[in-house]
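# Structure at a glance
Residues per chain are reported as follows:
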Amino acid sequence: MHDHDDEPLDPAAMLALLERQQRAVGLAYLKPVTVLYAVWGVAWLVGFLLLWLADALGLLPLPVAGAIFGALIVCSIVASALVGIRMGRGIRGTSNFQGAVYGISWSLLGGAFAVLGMGLLQNGMSQELAALYFPSAYALMAGAMYLTGAALWNERSQLVLGIVLLVIGALSPFFGNPNNNLVMAIGGGGAFLVASAVTFGRIRSERRRS
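Thresholds applied
Residues numbered from 1 in each chain as written. Predicted model: local features only at pLDDT ≥ 70, side-chain atom pairs only at ≥ 80, totals over all residues. Heavy atoms only, no water. Phe/Tyr/Trp six-rings, centres within 6.5 Å; stacked < 30°, edge-to-face > 60°. Helix = DSSP H or I, 4+ residues; strand = E, 2+ residues; numbered from the N terminus. Buried < 20%, exposed > 50% of the residue type's maximum accessible area, 1.4 Å probe, protein only. Core = buried A, V, L, I, M, F, W, Y, C linked by side-chain atoms within 4.5 Å. Axes fitted to C-alpha atoms, helices over the stretch in contact; angles between N-to-C directions. Parallel < 35°, antiparallel > 145°, perpendicular 65-115°, else oblique. Left-handed = near helix turned anticlockwise from the far one by under 90°. Nonpolar A, V, L, I, M, F, W, Y, C, P; charged D, E, K, R; others polar.

### Let's talk about the packing of aromatic side chains
Scanning the entire structure with this criterion turns up 12 aromatic pairs. Between Trp 40 and Phe 192, the aromatic rings sit 5.8 Å apart at their centres with planes inclined by 20 degrees, giving stacked as the arrangement. Here the residue Trp 40 occupies a position in helix α1 (residues 11-57), and Phe 192 occupies one in helix α6 (residues 179-209), the gap between them amounting to 152 residues. Accessibility assignment for this pair places Trp 40 and Phe 192 in one class, buried. Centroid distance Tyr 133 to Phe 134: 4.9 Å. Interplanar angle 75 degrees. Geometry classified as edge-to-face. Classification of Tyr 133 as buried rests on a relative accessible area of 16%.

### What about the nonpolar core?
Side chains of nonpolar character tend, in soluble globular proteins, to be buried together. Residues Trp 40, Trp 44, Trp 106, Tyr 146, Leu 161 and Phe 192 are the most contacted members of the largest nonpolar core, which totals 32 residues. Taken together, the elements giving at least two residues each to this core come down to α1, α2 (62-87), α3 (96-122), α4 (127-153), α5 (156-171) and α6. Examining the composition of this core, we find that 10 residues originate from one element, α1, more than from any other.

### Some words on the packing of α3 against α4
Following both chains from N to C, one finds α3 and α4 inclined at 165 degrees, their axes separated by 10 Å at the closest point. With respect to α4, the axis of α3 lies roughly antiparallel. With respect to the hand of their crossing, α3 and α4 are arranged in right-handed fashion. Considered class by class, the residues forming the contact of α3 with α4 number 20 nonpolar, seven polar and no charged.

Read these as spatial facts, not as claims about activity.
If you want it as structure tokens, here you go:
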């Protein structure tokens, strides 16, 4: 008796199977990225908007706004580190080592920029300049990390987002304080949320094709 299960797939069926497997791998990559973009988007939109409301309008104490902003950024950096390590576990050919380095780099760079800022403050940097330095520093950090992620995972959304964040980080000081915080909230937070929505749309599209 002939067993049809042992027959090799024809080329069209093999191609269809390969495409389904590629879409499954793509979905496994896109899901955490969508969440990551949303986390950063909320952190930037809420955090920088609170700083602007505190400094420009006096609607809440500036130390309270700063503490909330700091907590949001720390949570976002931790989330980025965890997602980066997870994404490196065999997804799209990236080694565990590459993913681990990428994930840890978020925390290392975040700490380095914070220590640098404190060193500048200790050596005479004014609070006004610090209010320009810290937002731009973390925008440049995130932009550089997303450019690295684009190279590691061949992901265009990270490339576009990284470039946008670099532009915002470089230009926001020209608006002065506290308006630089509003630029960060709308430009940076908005860019993250748009990227999250676009990526979520890609996931839905891939699911319909499966």
